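Residue-level listing of the chains:
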Amino acid sequence: MIRTRGLTKRFGRIVAVDSVDLDVAEGDRFGFLGPNGSGKTTLVRMLLGLVHATAGEIEVLGKSMPRNAAKVLPQVGAMVEGPGAYPHLSGRRNLAMFDAAGPGGGRRGRADRVESALAQVGLSGVDRRPVSAYSLGMRQRLGLAAALLRAPRLLILDEPTNGLDPKGIREIRDLLVALNEAGTTVFLSSHLLAEVEQLCTRVAVVDRGRMVLQDSLAALLAPTGHVLVRSPDAAQVVALLDGQVVARDGDRLVVRHADVAGLNADLVGRGLRVSGIEAERRTLEQVVLDSTGASGDRIDGPTGGEDR
Amino acid sequence: MIGVELRKLALRPRVWLSIGLLCLLPALVAVLLSVSDLAPPPGQGGAFLSAVLRNGALYPAAALAMVLPVFLPLAVAVFAGDAIAGEAATGTLRYLLVRPVARPRVLVAKLVALAVFTVLAVLVVAVTSLVVGLVLFGTGAEAVGQASAATSLSGIDLSPGELAVRMAAAIGYIVVSMVGFGSIALFFSTLSDSAIGAALAALAVLIASSIMETLQAAAAIKPYLPTNYWLSWIDFFRDPVFWDNIDKGLLLQAGYIVLFFGAAWANFASKDITS
């Protein structure tokens, strides 16, 4: 669905996106993670033909972009860096405007398209208030409704749950999963790890414009081959499993072992009490922190200078 | 896309407010004139003002002469400056482009909306001032004793039909002048994400041009200044119509439209949309 090769964007001397090879397959729920300022939004804008690449190739829905924007974009729904709406018009009127502006926006069926998009995002009861009176969450929903107007094959969403309360986030997640199961590929760019971890099946991580990781979530969060053991008899466990214990903190042990159930049976069989045991898995947070540098909006002074 | 732009124009309170304010100044002046009965002597004051006391049908011309130097271009600059920059500021520009609407279509629709806005503004000013003029000053029949004769600037009487034709021609000329000026604002609007900035830049051009016009040393470039022939529509009310400056003015404005709309096109088509 999305394929980039060597995609690069320079703004003057700043390299915003540096030689990124992205692969999103049909049916994916793809999470595009990265700290603030890592080039996520610039890449999304390049996918949509808003920003022109300095170098590299982009294919969306199997066609090169931005050359085929007129054929590709009608099948893509997008939300980039927050929703956009005419503040003095109502939400319905806004959707009708966007519907009329694009191809396939005939007067016939427009009201139905608008109503069904509003219903999908939970705004079907919205009144004639202008958008300027909407809450942040309502605007976010309206932006999502605009992206859903043409029942797209590919959804490209940048921080879609920004400004929503926990219940709203849950609703949107359920909606995206349902759309995905009905055949829509979802590309979600976010700096919220929990959001990506709960929704996505594949993940890419960018840092300072470079892609540092691209894999399925299941593979990234696979067991590490270590087992976390809690035991009141920790000292005896260490003596028994000599060499296999990687770390110890009071009654907590990290043991190099492939088989959790086997290790448990072994310890209990020798009369050692076990109060907790599970396979160690990395969290997505660890994966991302391990593969990225300092926070994107942190600016340290020159290092190695004298104290003042 | 053009339909969408026109709907946006019609649904925008600001549009109607600015047109309303444009009508207010001539109406105010008309009331003051009729109350005080003190018209400026012929040859002084605003164009046509000395003649309107005798015939209210000429008041639209006087009204247009009042709003043309500053207020009409101000409204046009605000409208055209908002065209692209305003969409960028509300975040709607990127959603129009990914809908997708091709960039040239956005720009053409904006230019059409600008022309429609100008026609609308000038027409509303003309119609309201005609009504105001007829109500406050009458048709001139009382004074002259013959039905509805207006006097041209050359002193020859014009029939109502002739007056209407000349008024329509003058309105057309003013619209072309304003679209020429609006193209400059439209170009600035593609450069910036600030609608106010684009409008102010266009007004700076207007003021600079007006200053140069009065400057002897700038005589060489005077024929090319955007504001130079703006008031030449008055020549429609001479007898015979004095075409020389009108033709030059139309040609000049066409040049400005081609030049600045072309520049806007070139800039916008290749621009990175980061708003």
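The shown structure was predicted, so the numbers you read here are calculated from the model rather than taken from an experiment.

## Structural notes on the UniProt feature "domain: ABC transporter" (unreviewed entry) in chain A
Stage number 1. Within the UniProt annotation, "domain: ABC transporter" (unreviewed entry) is assigned to residues 2-233 of chain A.
Stage number 2. As a span, residues 2-233 of chain A carries 32% helix and 30% strand, and end to end its C-alpha atoms are 53 Å apart.

## A short note on the domain arrangement of chain A
Residues and elements named next belong to chain A.
Stage number 1. As assigned here, chain A comprises domain 1 (2-220) and domain 2 (223-291).
Stage number 2. On a C-alpha basis, the centres of domain 1 and domain 2 stand 42 Å from each other.
Stage number 3. Listed as interface residues are 9 residues of domain 1 and, on the opposing side, 6 residues of domain 2.
Stage number 4. Of the roughly 680 Å² buried where domain 1 meets domain 2, counting both sides, 76% is carbon and sulfur surface.
Stage number 5. For domain 1, the biggest contributors to the area lost against domain 2 are Leu193, Glu197 and Leu220; these three give 55% of the whole.
Stage number 6. Of all the elements in the fold, those that place two or more residues in the side of domain 1 that touches domain 2 are α7 (193-199), β11 (210-216) and α8 (217-220).
Stage number 7. In terms of residue class, the side of domain 1 that touches domain 2 is made up of 8 nonpolar, no polar and 1 charged.

## Concerning the packing of helix α1 (residues 2-10) of chain B against helix α7 (residues 103-137) of chain B
Residue and element names in this part refer to chain B.
Stage number 1. Here α1 crosses α7 at 40°, and the two axes come no closer than 9 Å. Classed by the angle they form, the pair α1 and α7 counts as oblique. For the crossing formed where α1 meets α7, the hand is right-handed. Taking contact as the criterion, the partners of Ile2, Glu5, Leu6, Lys8 and Leu9 in α1 are, on α7, Ala109, Lys110, Val112, Ala113, Val116, Phe117 and Leu120.
Stage number 2. Of the residues contributing to the contact of α1 with α7, the split by class is 9 nonpolar, no polar and 3 charged.

## Focus on the pairing of β11 of chain A
All names here are of chain A.
Stage number 1. Bridge analysis of strand β10 (residues 202-207) against β11 gives 6 bridges, and the strand direction is antiparallel. Across the sheet, residue Ala204 finds its bridge partner in β11, namely Gln214.
Stage number 2. In this antiparallel pair of consecutive strands, β10 and β11, the connection spans 2 residues, and Arg208 shows a positive phi of 50°.

## Here's the deal with the sheet that holds β10 of chain A
Adjacent strands of a sheet pair through backbone hydrogen bonds, lying either parallel or antiparallel.
Residue and element names in this part refer to chain A.
Stage number 1. One open sheet accounts for 6 strands, arranged β7-β8-β9-β4-β10-β11; its pairing is mixed. In the strand order of this sheet, the two ends are held by β7 (76-79) and β11, each with one partner. Recorded for the sheet is a direction-independent mean angle of 15° between the axes of neighbouring strands.
Stage number 2. Sheet topology note: the strand β4 (residues 29-33)/strand β9 (residues 185-190) ladder contains 5 bridges and is parallel. The residue of β9 that forms the bridge with Arg29 is Val186.
Stage number 3. Here helix α6 (residues 166-181) sits on the sheet and contacts β4, β8 (154-158) and β9; the angle it forms with β9, its principal contact strand, is near 145°.
Stage number 4. Along the sheet, helix α11 (residues 284-291) contacts β4, β10 and β11; its crossing angle with β11, the most-contacted strand, is approximately 150°.

## Examining the interface of chain B and chain A
Stage number 1. Taken together, the contact pairs 27 residues of chain B with 35 residues of chain A.
Stage number 2. If you sort the residues of chain B by the area they bury against chain A, Tyr95, Val98 and Arg99 of chain B come out on top, with a joint share of 29%.
Stage number 3. For the pair chain B and chain A, the number of links is 1 salt bridge.
Stage number 4. Ionic pairing is found between Asp272 of chain B and Lys9 of chain A, a salt bridge with its closest N-O pair at 2.6 Å.
Stage number 5. At the boundary of chain B with chain A, the tally comes to 15 residue pairs in polar contact (both at pLDDT 80 or more).
Stage number 6. Mapped by element, the contributors of at least two residues to the side of chain B that touches chain A are α1, α5 (71-90), α6 (92-97) and α11 (243-270) of chain B.

What counts as what
Residues numbered from 1 in each chain as written. Chains lettered and ligands numbered in written order. Predicted model: local features only at pLDDT ≥ 70, side-chain atom pairs only at ≥ 80, totals over all residues. Heavy atoms only, no water. UniProt positions renumbered as here; feature names shortened; annotations may be inferred. Helix = DSSP H or I, 4+ residues; strand = E, 2+ residues; numbered from the N terminus. Domains from an automatic or database assignment. Contact = heavy atoms within 4.5 Å. Buried area = accessible area lost by both parts, 1.4 Å probe. Nonpolar A, V, L, I, M, F, W, Y, C, P; charged D, E, K, R; others polar. Axes fitted to C-alpha atoms, helices over the stretch in contact; angles between N-to-C directions. Parallel < 35°, antiparallel > 145°, perpendicular 65-115°, else oblique. Left-handed = near helix turned anticlockwise from the far one by under 90°. Pairing = 2+ DSSP bridges. Salt bridge = Lys/Arg side-chain N within 4 Å of Asp/Glu carboxyl O. Polar contact = N/O pair within 3.5 Å; in protein donor to acceptor, adjacent residues only side chain to side chain.

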